[in-house]
Structure formats: structure tokens, C-alpha cells
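# Architecture and fold: a report
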Amino acid sequence: MDLPIIYHPNYVAPIPTNHRFPMAKFQQLYELLLADGVAETEQFYTPERPSEKLIELIHTPEYVQAYCQGNLENKEQRRIGLPWSLALANRTCVAVGGTILAAELALQKGMACNTAGGTHHAFPSYGSGFCIFNDLAIASRVLQTQGIVETILIVDLDVHQGDGTAFIFQGDDSVFTFSMHCEVNFPRTKQQSDIDVPLSVGMEDDEYLQTLASYLPDLLSQIKPDLVLYDAGVDPHIGDKLGKLALTDTGIYRREMQVLSTCVAGGYPIACVIGGGYTDDMKSLVYRHSLLHRAANQVYQQYRL
Ligand SMILES: [Zn+2]
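Just so you know, these numbers come straight off a predicted model, no measurement behind them. (Residues numbered from 1 in each chain as written. Predicted model: local features only at pLDDT ≥ 70, side-chain atom pairs only at ≥ 80, totals over all residues. Heavy atoms only, no water.)

### Here we look at the coordination of the zinc ion
- For the zinc ion, every protein donor is listed as D158 (OD), D158 (OD), H160 (ND1) and D235 (OD), and the spread of their distances is 1.9 to 2.8 Å.
- Read in sequence order, the donor residues coordinating the zinc ion give the pattern D-x1-H-x74-D. Taken as a pair, H160 in the loop between β4 (152–156) and α7 (163–168) and D235 in the loop between β7 (227–231) and α10 (249–265) lie far apart in primary sequence, 75 residues in all. Grouping residues by exposure puts H160 and D235 together as buried. (Donors = N, O, S within 2.8 Å, 3.2 Å for Na, K, Ca; no water. Helix = DSSP H or I, 4+ residues; strand = E, 2+ residues; numbered from the N terminus. Buried < 20%, exposed > 50% of the residue type's maximum accessible area, 1.4 Å probe, protein only.)

### A word on the pairing of β4
- A large share of β4 lies buried, amounting to five of its five residues.
- Inspection of the sheet shows β4 paired to strand β5 (residues 175–182) by five bridges, in the parallel sense. Opposite I152, over in β5, you have V175 as the bridge partner.
- This β-α-β element, β4 to α7 to β5, shows right-handed connectivity.
- The pairing of β4 with β7 spans five bridges and is parallel. For V155, the partnering residue across the bridge sits in β7 and is Y230. (Pairing = 2+ DSSP bridges. Right-handed = clockwise from strand over helix to strand, strands pointing away.)

### What to know about the packing of aromatic side chains
- For the structure on display, the rule yields 10 aromatic pairs.
- Seen from their ring centres, Y30 and F44 are 4.8 Å apart, and the 75 degrees between their planes marks the pair as edge-to-face. Within this pair, whereas Y30 is found in helix α1 (residues 25–35), its partner F44 is found in strand β2 (residues 44–45), the two being separated by 14 residues in sequence. Neither residue differs from the other here; Y30 and F44 are each classed as buried.
- Members of the aromatic cluster, connected to one another through ring pairs, are Y7, Y11, F26, Y30 and F44. (Phe/Tyr/Trp six-rings, centres within 6.5 Å; stacked < 30°, edge-to-face > 60°.)

### Description of the side chain of T165
- Position of T165 among the secondary structure elements: in helix α7.
- Every residue in contact with T165, bar those within four places of it in the chain, is listed here: H120, N134, L136, I154 and T177. (Contact = heavy atoms within 4.5 Å.)

### Focus on the packing of helix α8 (residues 205–213) against α10
- Between α8 and α10, the least distance of the axes is 10 Å, while the angle of their chain directions is 15 degrees. It follows from the interaxial angle that α8 and α10 lie roughly parallel. The way α8 lies across α10 gives a crossing that is right-handed. Residues D205, D206, Y208, L209, L212 and A213 of α8 lie in contact with α10, whose contacting residues are G251, R254, R255, Q258 and V259.
- Across the contact of α8 with α10, the residue classes break down as five nonpolar, two polar and four charged. (Axes fitted to C-alpha atoms, helices over the stretch in contact; angles between N-to-C directions. Parallel < 35°, antiparallel > 145°, perpendicular 65-115°, else oblique. Left-handed = near helix turned anticlockwise from the far one by under 90°. Nonpolar A, V, L, I, M, F, W, Y, C, P; charged D, E, K, R; others polar.)

### Some thoughts on empty space enclosed by the protein
- For the coordinates displayed, the defined rule picks out one cavity of 30 Å³ or more.
- There is about 40 Å³ of room inside the largest cavity.
- Surrounding the largest cavity, I154, D156, G162, T165, T177, F178, S179 and S193 form its lining.
- For the lining of the largest cavity, the secondary structure elements donating two or more residues are β4 and β5.
- Of all the elements, β5 adds the most residues to the lining of the largest cavity, at three residues.
- A class-by-class count of the residues in the lining of the largest cavity yields two nonpolar, five polar and one charged. (1 Å grid on protein atoms, 1.4 Å probe; cavity = no way out; pocket = protein on both sides within 12 Å on 5 of 7 lines; lining within 4 Å. Points joined across faces, edges and corners; volume = space filled by probe spheres on them.)

Below, the structure written as C-alpha cells:
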């Protein structure tokens, strides 16, 4: 058996090339995983576009309709930071489908990874910070509604606080939100996760990994989640344009090994999304994102899932 990885050609949406958001990274990540032998083509699963009804488990019908039909007001569109196109709207929905599928496969096989996802700044009635629909929140509710899981732990290690996710699940004991992020980074107004761990600017590998280790095992044994959703943003990397932390490639890889093996060793299924990552050097960025799949592959083999 091999690690399930979710990829869809629609993750690649044509975006005006003068924009800084690197859409091509999804396709390049898929190609790198194949080229480096991290995964075979048979390991890739293709998600469906979820119905708007599923997206509306989290988002208001007004927002979903307005976004999907390209009718958002300019102010709301600017808050997202990505120019609207039908292709982007389609990619956005399919990426949500990818995270739902990753979660379903993780429950069947112990672990699964998306090659997209992690749009944690999306709130019920608006998008923000390159995030349109909150895939982590939607996947959580879809699985809960289907009666497949009750308790979910969201581990958000993107360098930015998972403010949308925190807001959505505030006061909801069935979804526990954990966010470890740079304290002075976007979003300026933080929401309250169940546990927030603000990190100081410039934090390096060892301190970061020790901080993580001081939370994760206890969280798992206290919450005993039916499923862990992991946002593996690589923007805590030292070379990231927006991150303000100082993790190396080795640090990111050690982080992924730490999260994945801690969950799998405890018997907790884990579904992973790639989260944020921003640099002009696309090759380095794609490699950073691939560290998740490389670590997942190793842990998957090691534990014979
Ligand atoms: Zn981020």
C-alpha cells in the first residue's frame, strides 16, 4: 500500500502573471513528487468539485453564491487579494474537494496528503489573505455531518494565525483549533484558537521544534481526536517573503516527521494540506512543500499503514 496523495489538474488556474501569488506551484509540486520518485502516478487521487451545499455547511449562501458567480463587491475581492476568474473559482472549489477527500482517505488508510489546501483565513461570510473558502473547516463539518467522525483536532503550523478556522469553531468543543504562528505577522487582528502559540520573530529550528513538542503529544492524549487535520504551511522558512521566522529545509522536514509520527504512533489518522509559502524562487518553494510528502511517505512506510 502507498501513501494516498490528492491532486487535480484544476488546481492549476490561469492567474494574471503580474500577480505575486504562485498558482503554478500545485502543478510543479505534482511533477516534482513524480520526478523524485516520492510518489507513483497510482498514488494520486482526483477530487471532485463539492456541491455548494457542502461549502455552505461553513459559509453563508450569500457569500458562496456571490463568489462563485463573480459578483463580490470590489472591497470584498480586494480583501481576498486574488483577481476573480471562473477558473480560479473552479480551482478553489476543487481544492476544498481535495481536502475532503484527503480527510476521507486518512480515515481509511491512516494518512493522506493534499497537494493544495490550507485556506485558513477564510471566514463564513468573507475571504481574506488569499483564502476564499475554508477547506479545513468545510472538511471537518462534512465528515461530522456524515457521522464519520465526532472530534477533530486542527493543527495549524502555517506561520500566519488560522484566524478564520479559529473564528468558525469558537465555542465548538467538537473541533479543537491549535495554531502556532509568528506573533507579529498577518492577520493584524487575531482570533482566539483553543490554543494559540505566538512565536517570536526569527525563531530557528530547535526552539521551534521544542515548542511544538511541548504541545502536540499532550493535545492528542487530552482530546483523543477521531481525525487530525494538519496545515503544513512552509512560510515559517527563513527564505519566505512573508514569514518572519527562520526555519531551514531540515527544520521543516523534522517538523513534518515530528507531527506525522506523533499522530500515527498514537493511532490518530491525519490528513495534511500544504498551506502557505511565498518566494520568488519557485523551485525552492516547491521543494519546501514537497518535504511534507517526503516525510509522510517515510512515516507511512515506517508504520506499514
Ligand atoms: Zn501563511
